[in-house]
Amino acid sequence: DACCGEQCELSRRLRRSLLPPTIPILPGLDIAASYVAGGRGVDIGGDWSSVIGVGEEGFAFVVGDVSGHGIDAVAEMARARFTLRAYLVDGNCAATALEKCSHQFDVATDGHIITVLVGVGNWRTGEVTIANAGHPLPLLVTEEDTSFVPMRVGPPLGAGPGSYDSSTFTLSVGATLLVYTDGLVERRGESLDAGLERLQQTAHAVGARPLPELLGEVLTSMRDEGTADDIALLLVETMSND
């Protein structure tokens, strides 16, 4: 109806005003990202991704998913995004940023649960450390293998103060890290494990491509037009230092 349409448009305008219009250009990195709204005409949701420079050789990235849709979800997304950004710019590691952030959100008062994956890396060495608050595991694609990065998954934001472990790996030149929200892998009537396996097989089948092409192929192959869930997808690759 007209009221729903107005709220949906307001949510879109609010989201556009809160998120950067372009992907930042950072030394030593190739980055591609996309946001796809749910396919059933529902209000826009609170999925997001962001990448920032930290110091001379560092970078940080965040991919998150706020429960629900509409203006409240978008507003909560903005609060989570800016809170995490402030902690990361201040030099906190991924796990500490999440731990501090867990004290700022409470589903009992905010009405939302937020899953987040945070990473902090060095583009020159390729070392990346990630921490996870209830979020799907990232996928690492190399010439030899396609596998999910093993790590402990901590509680989502909103579930109360929590502590988080971190996992460190090397993002070698030519390897690609895929970080995404669950809308990419979930389908009605299908287990989450089946969706994760499909993503792994899709990324392996696509092979080495320029990041924009890889991103497009993954979204085309994985997206279920009938889902009401949004998708945020972020691809990060380190480039040669030569």
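Look a little higher up for the structure.
In this report, the structure presented in the accompanying data block is examined.

Reading the values: rules and limits
Along each chain, residue indices are assigned from 1 in the same order as the chain's sequence is written. At least 70 in pLDDT is required for a residue's local features to be given in this predicted model, at least 80 for side-chain atom pairs to be given and counted, and no such filter applies to totals for whole chains, interfaces and linings, which use all residues. Side-chain measures here rest on the full set of heavy atoms in the structure, leaving out hydrogens and waters. Secondary structure elements are defined from DSSP: runs of H or I of at least 4 residues count as helices, runs of E of at least 2 residues count as strands, and each element is numbered from the N terminus. Using a 1.4 Å probe on the protein chains alone, a residue whose accessible area is under 20% of its type maximum counts as buried, one over 50% counts as exposed, and one in between counts as partly exposed. A contact between two residues is defined here by any heavy atoms of the two lying within 4.5 Å. Note that accessible areas follow from Shrake-Rupley with a 1.4 Å probe, and for residues the cover is restricted to the protein chains shown. At least two bridges found by DSSP between two strands are what make those strands a pair. Helix axes are fitted only over the stretch in contact, all axes being lines through C-alpha atoms; the angle between N-to-C directions runs from 0 to 180 degrees. What a helix is expected to span follows from its residue count: subtract one and scale by 1.5 Å. What the arc covers is the set of directions going from the helix axis to the C-beta atoms. For Phe, Tyr and Trp, rings pair up if their centres lie within 6.5 Å, where Trp contributes its six-membered ring, and each pair is then called stacked (planes under 30 degrees apart), edge-to-face (over 60) or tilted (otherwise). Throughout this description, a polar contact denotes any pair of N or O atoms lying within 3.5 Å of each other; where both atoms belong to protein, one of them has to be capable of donating a hydrogen while the other can accept it, and for residues adjacent in sequence the pair is counted only when both atoms sit in side chains. Orientation is classified from the angle alone, with under 35 degrees giving roughly parallel, over 145 giving roughly antiparallel, 65 to 115 giving roughly perpendicular, and any other angle giving oblique. The handedness criterion is simple: a crossing whose near helix is rotated anticlockwise from the far helix by less than a right angle is left-handed, and one whose near helix is rotated clockwise is right-handed. Buried Ala, Val, Leu, Ile, Met, Phe, Trp, Tyr and Cys residues form a nonpolar core when they are joined through side-chain atoms within 4.5 Å.

1. Let's talk about the overall build of the protein
Next, step 1: Of the regular secondary structure elements, the protein holds six helices and 10 strands.
Next, step 2: When the 242 residues of the protein are sorted by exposure, 48% land in the buried category.
Next, step 3: Excluding contacts between residues fewer than 6 apart, the proportion of contacts in the protein whose partners are at least 24 apart in sequence is 69%.
Next, step 4: Of the roughly 11,000 Å² of accessible surface on the protein, 50% is carried by carbon and sulfur atoms.

2. Some words on the sheet that holds strand β9 (residues 176-180)
Next, step 1: If you walk across this open sheet you meet the five strands as β1-β10-β9-β6-β7, and the pairing is antiparallel. For this open sheet the edge positions go to β1 (29-36) and β7 (146-148), each flanked by a neighbour on one side alone. Taking the axes of each pair of neighbouring strands and ignoring which way they run, one obtains an average angle of 15 degrees across the sheet.
Next, step 2: With five bridges connecting them, β9 and strand β10 (residues 231-238) associate as antiparallel partners. If you follow Tyr180 over to β10, its bridge partner there is Leu233.
Next, step 3: The strands touched by helix α5 (residues 192-206) are β6 (139-141), β7 and β9; relative to β7, the strand with the most contacts, the crossing angle is about 150 degrees.

3. Topic: helix α6 (residues 211-222)
Residues lying three or four places apart along an α-helix face the same way, a consequence of the helix completing one turn every 3.6 residues.
Next, step 1: Here α6 contains 12 residues, and its C-alpha end-to-end distance of 16 Å stays within 8% of the 16 Å for a straight helix at 1.5 Å per residue.
Next, step 2: All of the buried residues along α6 are Leu211, Leu214, Leu215, Val218, Leu219 and Met222. Looking straight down α6, one finds its buried side chains confined to an arc of 125 degrees; they lie on one side. Opposite the packed face of α6, turned more than 90 degrees from it, sit the exposed residues Pro212 and Thr220.
Next, step 3: Tucked inside the fold, the buried residues of α6 contact β1, β9, α5 and β10.

4. Quick word on the packing of aromatic side chains
Next, step 1: For the structure on display, the rule yields one aromatic pair.
Next, step 2: Between Phe59 and Phe61 the ring centres are 6.4 Å apart and the planes differ by 20 degrees, which places this aromatic pair in the stacked class. With respect to class, Phe59 is no different from Phe61; both count as buried.

5. Structural notes on the side chain of Ser167
Next, step 1: Tracing the chain through its elements places Ser167 in strand β8 (residues 166-170).
Next, step 2: Judged by relative accessible area, which is 14%, Ser167 ranks as buried.
Next, step 3: Separated by 3.1 Å, the side chain of Ser167 and the backbone oxygen of Pro150 make a polar contact.
Next, step 4: If near-sequence neighbours (up to four positions away) are discounted, Ser167 is found in contact with Val128, Thr129, Ile130, Val149, Pro150 and Met151.

6. So, the pairing of strand β4 (residues 114-122)
Next, step 1: When you tally the buried positions in β4, you get seven out of nine residues, the bulk of the element.
Next, step 2: For strand β3 (residues 58-69) and β4, the ladder comprises nine bridges, and the chain directions are antiparallel. Note that in β4 the partner of Gly58 across the bridge is Asn122.
Next, step 3: Bridge analysis of β4 against strand β5 (residues 127-133) gives six bridges, and the strand direction is antiparallel. Its bridge partner being in β5, Gly121 is matched across the sheet by Val128.
Next, step 4: Where β4 hands over to β5, the hairpin turn is made up of four residues, of which Gly126 adopts a positive phi near 80 degrees.

7. Some words on the packing of helix α2 (residues 71-89) against helix α3 (residues 94-102)
Next, step 1: Where α2 meets α3, the closest approach of the two axes is 9 Å, and the angle between their N-to-C directions is 135 degrees. Here α3 runs oblique to α2, going by the angle between their axes. For α2 against α3, the interelement crossing comes out right-handed. Residues Thr83, Leu84, Tyr87 and Leu88 of α2 form the contact with α3, whose participating residues are Ala97, Leu98, Lys100 and Cys101.

8. Focus: the nonpolar core
Next, step 1: If you look at the biggest cluster of nonpolar residues, it comprises 26 residues, and the most contacted ones within it are Trp48, Leu84, Leu98, Ile114, Val116, Val118 and Leu157.
Next, step 2: Looking at this core, the elements that each hand over two or more residues are β2 (45-54), β3, α2, α3, β4 and β5.
Next, step 3: The biggest single contributor to this core is α2, with seven residues.
Next, step 4: Each residue touching Ile114, except ones within four places of it in the same chain, is listed here: Trp48, Asp65, Val66, Glu76, Ala80, Phe105, Ala133, Pro156 and Leu157.

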